[in-house]
Every structure is written in structure tokens, then in C-alpha cells.
Amino acid sequence: MAWQGLIDRYRERLDIAQGAEPISLCEGNTPLVPAPFLSKLIGAEVHLKYEGLNPTGSFKDRGMTTAITQAMFEGAESVICASTGNTAASAAAYAARAGLKCIVLIPDGKIALGKLAGAIAYGAEVVAIRGSFDDGLKMVRDVTRHAPIALVNSVNPARLEGQKTAAWEVTEQLGQCPDWLCLPVGNAGNISAYWMGFHQVKQSPQLLGAQAAGAAPIVRGHVIENPETFATAIRIGNPARWAQAEDALRESNGKILAVSDSEILKAYQLLAQREGVFCEPSSAAGVAGLMKEAEDRPDDFIGRKIVCVLTGHGLKDPDTAVGQNLTPTIINADVNELLKHLERDTK
Ligand code: F0G
């Protein structure tokens, strides 16, 4: 049967209203792509869970199908979220599908262009705040206490219900539970959701979470007032699912580490240029974390089955992609000029 989305596929394992009509864009079922270059580098079997191939280009769609389905079932007429961009685009798309009004709060000037484009195209009301994601999340939590608007950030349990399905897909595709699951950590919803998913089917990979060094509250053990990183999706100083992420890390015998912007950039370039897999900068943080830890403690990784979750598509952030590589060479539409150019390249 054709793929119809996560709720149809997994409904009996999800804690959402069983009678609800699914609001779906056929999310999930993303490929697990082998990573031969990384595998050789680390001496392990590395795979990439390419979540950028979800309908709006990020893993958020897994949680949004369940959150919007649940909100509709409960009679909501509008939904709201704070976002570094991907949640906004995803909420906007699923709300459009459901016929709900959608309001998104974003940190002004700190979201990647492809995400803003998505939110606008899907018809959301975009409100840019002079503040951080953390400020925005506080505002939407407050406002939904006073107004009849459904909150669809990952503090909403229905979000994690959908996101935990990725853990089951990884195991099905790999043919076994991975030894390590590496992923970026921002608001810490996703790491919590993966752990819920694995726990539910009694599996236990070690989790390796990575935060950007300038936005690493869990690693540092305190709130970061002014988080900074070029990986804007994870530019978060006070994660809502902090405690749950720490439980997941402890129970999985996992690790959380900080990776610098230059380490993230290096992993981002390696993924695109060596593996042919284009993800957004934040998504490469998990791979940067793996590369760093495998260098420091190779024996923990050699010969292991490792899955890195690439949370969002590279096209989400065209400025970073184009910015690092100058402008293309421009020539006349003349074959001799092309030949001259190619000769210069091979010299
Ligand atoms: N990777 C990407 C591409 C993201 O957009 C996010 C979070 C994360 C990783 C981290 O996931 O928050 O569950 O720990 N983006 C949120 C947003 C905050 O608003 O789109 P997390």
C-alpha cells in the first residue's frame, strides 16, 4: 500500500486521540543513507537519517502531523509557536492543510531564508520579535494560557509522539538498533522523542547529542542568556526539554558535547562534498560531535553501527551554502572559453 504518513503507519503505538482524522502530508519514511567516507574515517558503519526529505524539509513534520491532528480533534481554530524557523514552516504547512490559522514568532534576523520563505508561502502570520527563541517560547507559553490558541512547540506532548517514530524507522531500516545515535540538540525535544521511541520498543542505543559551543546550556550546566552560533536552528539558551534530555542521556549511557562553529562548518562541507548529502548547518552538528568524539575516544566507535540524524535540508539555508563558496566563474557562451577555463583548472 502507498505510504500515507506516520499516523496511518503507527497509530496504535501513538498516544494521540485514536478517533482523530489524520492531518498528513505523507511525512516520515525518510531514507537511511550509508556514509562511506565517514565510515572509513571513523572505522565504523555510519548511516545518515536524511530528515531533510520530509515534506517541509525538516524532521519537524513528524511532530506536526500529530500535534495538528490532535489540535483539530480538540476543536482548535488557530495554532501558535515560537521557532528558529523549521517549526514555523512545518506548523504553517500542516495548519494550512487543516484550515487552521497559524501564527509564528521568530527571532528577528536570525532565521534562515528558506524557513522564512516556507512560513510565508504556507500563509502563516509571521511575527518577528526583538529577542531570542527563548524569549519567543516564553511569550507563546504565556499567551496560550490566556487565549484559545493551541501551542504546537515541542512542549506539547503530541509533538514528541510523532517525532519518536523516527527511532522505529531507524531500527527497521538498519535491521537492528544502532549502537550510537548522534544528533543536534536545541530545545531538546528531538533527543527526548528519540529516547521515548527506543524505550517504547525496549531498545537502547547510546545517544550522542551535540550543541553549538555558543549555545550549549546543557553542556555548560547553566542557561545561556545570549546564545550565538551560525547554526541558527539550535541558537537556544534555555531548552524546554532540558531535564528530559538529561534523563535520556543518562539512561542511554550517552554523551552531550559542545562543537564550535568551525567544527560544524567542517562537518557540513564534508557531508555535502564527500557524501553528496546536503543538510543545513545545525544538522551537521551531530556529525561534528561524532567526528570529535571518535578522534578523542576511537575505541568507543570503531566497528560500531552509527546513525547520524540530519534534521533539516541544506536548501533551508541558501545564504550559508552560497556564502562559503564565492560566486561562480562567469564566461561567455563560447566553447573555446570553456576549454580555456577547464585547462586552467587542470593545471
Ligand atoms: N536541527 C534542526 C534543523 C532544527 O530546526 C532544530 C530545532 C534542531 C535540530 C534541534 O531540535 O529543538 O528538538 O532539540 N528547531 C526548532 C525550531 C527549535 O523552531 O525549528 P530540538
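Given the structure is predicted, the values throughout are model-derived calculations rather than measurements. (Residues numbered from 1 in each chain as written. Predicted model: local features only at pLDDT ≥ 70, side-chain atom pairs only at ≥ 80, totals over all residues. Heavy atoms only, no water.)

Caption draft 1: Summary view of the site of the ligand. Near the ligand lie 20 residues; those nearest to it are Ser 83, Gly 186, Asn 187, Ala 188 and Thr 311. Within the side chain of Lys 60, one N or O atom sits 2.9 Å away from a nitrogen atom of the ligand. Within the contact set of the ligand, an oxygen atom lies 2.8 Å away from a backbone nitrogen or oxygen of Ala 188. Relative to its unbound accessible area of 470 Å², the ligand is 99% covered by the protein chains. Counting only elements with at least two residues in the shell around the ligand, the list comes to α4 (86–98) and α9 (189–200). The residue inventory of the shell around the ligand, partitioned by class, reads 7 nonpolar, 11 polar and 2 charged. (Near = heavy atom within 4 Å. Polar contact = N/O pair within 3.5 Å; in protein donor to acceptor, adjacent residues only side chain to side chain. Areas by Shrake-Rupley, 256 points an atom, 1.4 Å probe, with all protein chains shown as cover. Helix = DSSP H or I, 4+ residues; strand = E, 2+ residues; numbered from the N terminus. Nonpolar A, V, L, I, M, F, W, Y, C, P; charged D, E, K, R; others polar.)

Caption draft 2: Just the pairing of strand β7 (residues 180–184), in detail. Counting buried positions along β7 yields 5 of 5 residues, so the element is predominantly enclosed. Judged from the 5 bridges that link them, β7 and strand β8 (residues 206–212) form a sheet pairing that is parallel. Across the sheet, residue Cys 182 finds its bridge partner in β8, namely Leu 208. Where β7 and strand β10 (residues 305–310) come together, 3 bridges link them in parallel fashion. If you follow Trp 180 over to β10, its bridge partner there is Ile 306. (Buried < 20%, exposed > 50% of the residue type's maximum accessible area, 1.4 Å probe, protein only. Pairing = 2+ DSSP bridges.)

Caption draft 3: Focus on the sheet that holds strand β6 (residues 150–151). Pairing is parallel in the open sheet, where 4 strands are placed in the order β5-β4-β3-β6. The open sheet has two edge strands with one neighbour each: β5 (125–129) and β6. In this sheet, strand β4 (residues 101–107) lies alongside strand β3 (residues 78–82) in parallel orientation, the contact comprising 5 bridges. Bridge pairing in β4 places Val 79 opposite Cys 102.

Caption draft 4: Layout of the pairing of β10. Buried residues dominate β10, accounting for 5 of its 6 residues. Of the strand pairs in this sheet, strand β2 (residues 45–50) and β10 are connected by 6 bridges, and their pairing is parallel. Across the sheet, the residue bridging to Lys 49 is Val 309, located in β10.

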